[in-house]
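Remarks on the overall topology
These are the residues of each chain, in order.
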Amino acid sequence: MHILLVASAFNSLTQRLHAELGDRGHTVAVELVLHDESLPHAVRRHEPQLVVAPMLKTAIPREVWSAHTCLVVHPGPVGDRGPSSLDWAIHENAGQWGVTVLQANAEMDEGDIWASVACPMPPLSKGDLYRGEVSDAAVAAVLLAVERFAAGTYAPAAQTAENGGGTGRARPYLDQSVRRIDWASEPTEAIVRKLRAADSQPGVLDELLGGEWYLHGGHPEDELRGQPGELLATRAGALCRATTDGAVWIPELRARRRPGEPPTFKLPAVQALAGRLPSLPERPAPLRPDAQRRTWTDIGYREERNVGFLSFSFPGGAMSTTQCRRLLAAYREACSRPTSVLVLGGSRVFSNGIHLNVIEAAEDPGTESWANINAIDDLVEAVLTTTDRLVVSAVGGHAAAGGAMLALAADEVWCRSGAVLNPHYRLMGLYGSEYWTYTLPRRVGSAVAERLMRQALPVSGTAAQRLGLVDRLIECTPQAFTEEVGLLAGHLASLPAVQSRIAAKKAERDRQESLKPLAAFREEELARMLATFSDPRAPYHALRRAFVLKEKPLRTPPHLDVPAPRGRAMDLPMPEARVTGPDAENSAPAPDAC
């Protein structure tokens, strides 16, 4: 089918659906709904057979939904209504949630039900849940709804009391009056839940050191104590603040924007408060934390028999100069251990490359860009030149730009089936670095590498494996990924051939170095990056600023606006169209689907 995705932004779920629907043989176009008049015109131009709205903040106009079947993805179970569904679920500590695909009509979230899939709600942040459990449920529900629509015989169910529609409630936007923290009376658990429900957007508005700030992210601390609301310590750019029964770590802050002031954006908490923050002790987290502790760290290391696991989890997946250097130091320490396999990653977001927010806030963004790209290059080089053990990248969530190239530096790339890769740079006006001119063609060949860079489209885990970007696709839930990786890594380390593989790896690295040294790839890439960073007129600077400040584009980017011609496969190799999702084996819905 020819499907049009309409969305307020090309966010993680929209990217994943774009990739997953394309994998199944559909041609997929994207229209960003940037103003009220744009959608009817776009639908007339695209003439889609089906319209799907993965993330839309405005209502679909009557002239569109009355003429076309429009499926809206609502991040809540049947009967749930309102713009803050997932926020309320976390705020109220729901243990189970769901995603419902509704047909757009005159009433928001009250259309007929095409599919609904349940999902668990572990105690995590909104961003982690949205990209993990909720994303999995949304994709399953959309694929089921698309399959039902294509069959032409399915009648969507009206929302009634019998199927849960009549018992749901329409809840309002979860505003700051409900999110506000009372430090003097609320325990850690309640505060962390409020912070988790707002971690990506909009944050929790609070007063701190004479200013108003949005707090982003929250993690419990079980040892540090103080007067409720008191700032206790710092760690890797985060702040620790006392509660009535413990403390919480807050990684990022965003200044409240006053009328007439320029837009603000998230920064590491210590950096955001530069010049205001009193002297506080730095409490570095041990690289190998006690598993019984409740505390926060963004880098951790553990060992199981002959396998080392170096995990990292930076907010939003961005890696600043400092974070890259800290991760490199941890990597070198991990490489000093007597293991034969080292697993890198394994958290819910792998990496999205350099930290554009920190760069934007720098006194000289060009200079900071240069420092950041060299720091991440140093990290990638360390992975590429590790010849005394096998290195595995465990990509549990999204990886983009330099973060995707960091993953490709490993000997093997293991990817969760729900992850999405964006192995390209041009949308940020960059040529790219991180040794991509070596690692990407090495895996997929020069022609496909050039096509990935030019098309600048998201790639599903399934397509990534088919192309050679990924060696192993792990079909599991987000929560099970770490355990699955551990079992597979243990098996890999136990194989008799592992030492011969390590020896062959070293020989191959020596051979490649004799053909063209890694330093030559880096020098060529960085020469182009330096020219971009040094030129204030280069598009990168305007594109970076627009990204950081979340400026609305004037139109849908051309690479999303032009669908593949009908009846013709996408430019990248595609598998045969097939039935997948909850009812892949038969026409009966799976458990938790309706």
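Residues numbered from 1 in each chain as written. Predicted model: local features only at pLDDT ≥ 70, side-chain atom pairs only at ≥ 80, totals over all residues. Heavy atoms only, no water.

Regarding the side chain of Thr532
How we decide: In DSSP terms, a helix is any run of H or I states spanning at least four residues, a strand is any run of E spanning at least two, and both are numbered starting from the N terminus. Each residue gets one of three labels from its accessible area relative to the maximum for its type: buried under 20%, exposed over 50%, partly exposed in between, using a 1.4 Å probe on protein chains only. What makes two residues a contact is simply this: any of their non-hydrogen atoms within 4.5 Å.
Within the fold, Thr532 resides in helix α19 (residues 518-534). By relative accessible area, which is 15% here, Thr532 ends up buried. Leave out the neighbours within four places in its chain, and Thr532 touches Gly429, Leu430, Ala538, Tyr540 and His541.

Quick word on the sheet that holds strand β4 (residues 70-74)
Note the threshold: Strands were regarded as paired on the criterion that DSSP finds at least two bridges between them. In this analysis, axes come from line fits to C-alpha atoms, helices being fitted only over the stretch in contact, and the angle between any two N-to-C directions falls in the range 0 to 180 degrees.
Pairing is mixed in the open sheet, where six strands are placed in the order β2-β1-β3-β4-β5-β6. Edge strands, defined here as strands with exactly one partner in the open sheet, are β2 (27-32) and β6 (113-120). On average, each strand axis in the sheet is inclined to that of its neighbour by 20°, with strand direction left out of account. Sheet topology places strand β1 (residues 2-7) next to strand β3 (residues 50-55); four bridges connect them, and they run parallel.

Re helix α8 (residues 188-196)
Among the nine residues in α8, seven count as buried, and that is most of the element. For α8, the full list of buried residues reads Thr188, Ala190, Ile191, Val192, Lys194, Leu195 and Arg196.

Topic: the pairing of β6
Across the eight residues of β6, six count as buried, placing the element largely inside the fold. Taken together, the seven bridges between strand β5 (residues 96-103) and β6 define a ladder with antiparallel strand orientation. Pairing of Gly98 across the sheet is with Ala118, part of β6.

Details of the nonpolar core
The following threshold applies: We define a nonpolar core as any set of buried Ala, Val, Leu, Ile, Met, Phe, Trp, Tyr and Cys residues linked to one another through side-chain atoms lying within 4.5 Å.
Ranked by size, the top nonpolar core spans 92 residues in total, and within it Leu253, Leu310, Tyr331, Leu406, Leu440 and Leu469 carry the most contacts. Counting residues per element, this core draws most heavily on helix α12 (residues 365-384), which supplies eight residues. In contact with Leu440, not counting residues within four places along its chain, are Met405, Leu408, Pro423, Gly445, Ala449, Leu452, Met453 and Leu469. In this structure, Leu13, Leu32, Cys119 and Ala140 belong to the second largest nonpolar core, which totals 42 residues.

A closer look at the sheet that holds strand β12 (residues 247-250)
Strand order across the open sheet formed by four strands is β9-β12-β11-β10, with antiparallel pairing between neighbours. Since the sheet does not close on itself, it has two edges, and those belong to β9 (219-221) and β10 (231-235), each with one partner. Neighbour to neighbour, the strand axes of the sheet diverge by 30° on average, direction disregarded. Relative to β12, β9 runs antiparallel, the two sharing three bridges.

A closer look at the packing of aromatic side chains
Rules: Centres within 6.5 Å are what make two rings of Phe, Tyr or Trp a pair, Trp counting through its six-membered ring; a difference in plane orientation under 30 degrees is then read as stacked, over 60 as edge-to-face, and the rest as tilted. The criterion is that NZ of a Lys, or CZ of an Arg, lies within 6 Å of the ring centre and within 35 degrees of the ring normal, and then a charge sits over that ring.
This structure, assessed with the given rule, holds eight aromatic pairs. Ring centres of Trp249 and Trp296 lie 6.3 Å apart, and the angle between their planes is 35°; this geometry places the pair in the tilted category. Linking Trp249 in strand β12 with Trp296 in the loop between α9 (269-272) and β15 (299-304), this pair joins segments that are 47 residues apart in sequence. The exposure classification of Trp249 matches that of Trp296, with both residues buried. Ring centres of Phe312 and Phe350 lie 5.3 Å apart, and the angle between their planes is 65°; this geometry places the pair in the edge-to-face category. In this pair, Phe312 sits in strand β16 (residues 307-312) while Phe350 sits in the loop between β18 (341-345) and β19 (353-354), placing the two residues 38 residues apart along the sequence. One aromatic cluster is present, built from ring pairs that chain together Trp114, Phe149 and Tyr154. Here Arg241 stacks its cationic end above the ring of Trp183, 4.2 Å away from the centre of that ring. The ring of Phe309 is capped by Arg302, whose NZ or CZ atom sits 4.1 Å from the centre of that ring.

Quick look at the environment of Pro262
One can find Pro262 in the loop between β13 (252-255) and β14 (267-268). Distance in space between the C-alpha atoms of Pro262 and Gly445 is 45 Å, their sequence separation being 183 residues.

Some remarks on the pattern of salt bridges
If charged atoms from side chains of opposite charge come close, those side chains can pair. Inclusion rule: Every case where a carboxyl oxygen of Asp or Glu lies within 4 Å of a side-chain nitrogen of Lys or Arg is listed as a salt bridge.
Overall, the coordinates contain 39 salt bridges when judged by the stated rule. Between Arg256 and Glu212 there is a salt bridge whose closest N-O contact spans 2.9 Å. Taken together, the positions of Arg256 in the loop between β13 and β14 and Glu212 in strand β8 (residues 211-216) put the pair 44 residues apart, joining distant regions of the chain. Glu212 gets classed as partly exposed once you look at its relative accessible area, which sits at 21%. A salt bridge links Asp377 to Arg522, with the nearest nitrogen and oxygen atoms 3.8 Å apart. A residue pair is termed long-range when its members are at least 10 positions apart, and Asp377 in helix α12 and Arg522 in helix α19 qualify at 145 residues. Under the relative-accessibility criterion, Asp377 is labelled buried at 0%. The class for Arg522 is buried, based on a relative accessible area of 13%. Overlapping salt bridges bring together Arg16, Glu20, Arg24, Asp136 and Arg416 as one network.

Quick look at helix α14 (residues 436-444)
Burial of α14 is extensive: seven of the nine residues sit out of reach of the surface. Of all the positions in α14, only Trp436, Thr437, Tyr438, Thr439, Leu440, Arg443 and Val444 are classed as buried. Of the residues one or two after α14, Gly445 is the one with positive phi, at around 90°.

Comments concerning the confidence of the model for the protein chain
Should pLDDT be low for a region, the predicted coordinates there are not to be read in detail. Threshold: What pLDDT reports is the predictor's confidence in each residue, on a scale of 0 through 100.
Summary statistics for the protein chain give a mean pLDDT of 92 and a share of 93% for residues scoring 70 or more. Overall, residues 566-594 carries pLDDT values under 50, and its contacts beyond four positions in sequence, including any with other chains, amount to 49 contacts.

Looking at the packing of α12 against α19
When two helices pack together, you describe them by how their axes are tilted relative to each other and by the distance separating the axes. Just so we agree on the cut-off: With respect to orientation, any angle under 35 degrees is reported as roughly parallel, any angle over 145 as roughly antiparallel, any angle of 65 to 115 as roughly perpendicular, and every other angle as oblique. Handedness of a crossing is defined here by the sense of rotation of the near helix relative to the far one, left-handed for an anticlockwise turn of less than a right angle and right-handed for a clockwise turn. Put simply, Ala, Val, Leu, Ile, Met, Phe, Trp, Tyr, Cys and Pro go in the nonpolar bin, Asp, Glu, Lys and Arg in the charged bin, and everything else, Gly too, in the polar bin.
For the pair α12 and α19, interaxial distance at closest approach is 10 Å and the crossing angle is 165°. Between α12 and α19, the interaxial angle falls into the category roughly antiparallel. Like other packed secondary-structure pairs, α12 and α19 cross with a definite hand, here right-handed. Across from Gly366, Ser369, Trp370, Ile373, Asn374, Asp377, Asp378, Glu381 and Leu384 in α12, the residues of α19 making contact are Leu518, Arg522, Leu526, Met529, Leu530 and Phe533. In the contact of α12 with α19, the residues fall into eight nonpolar, three polar and four charged.

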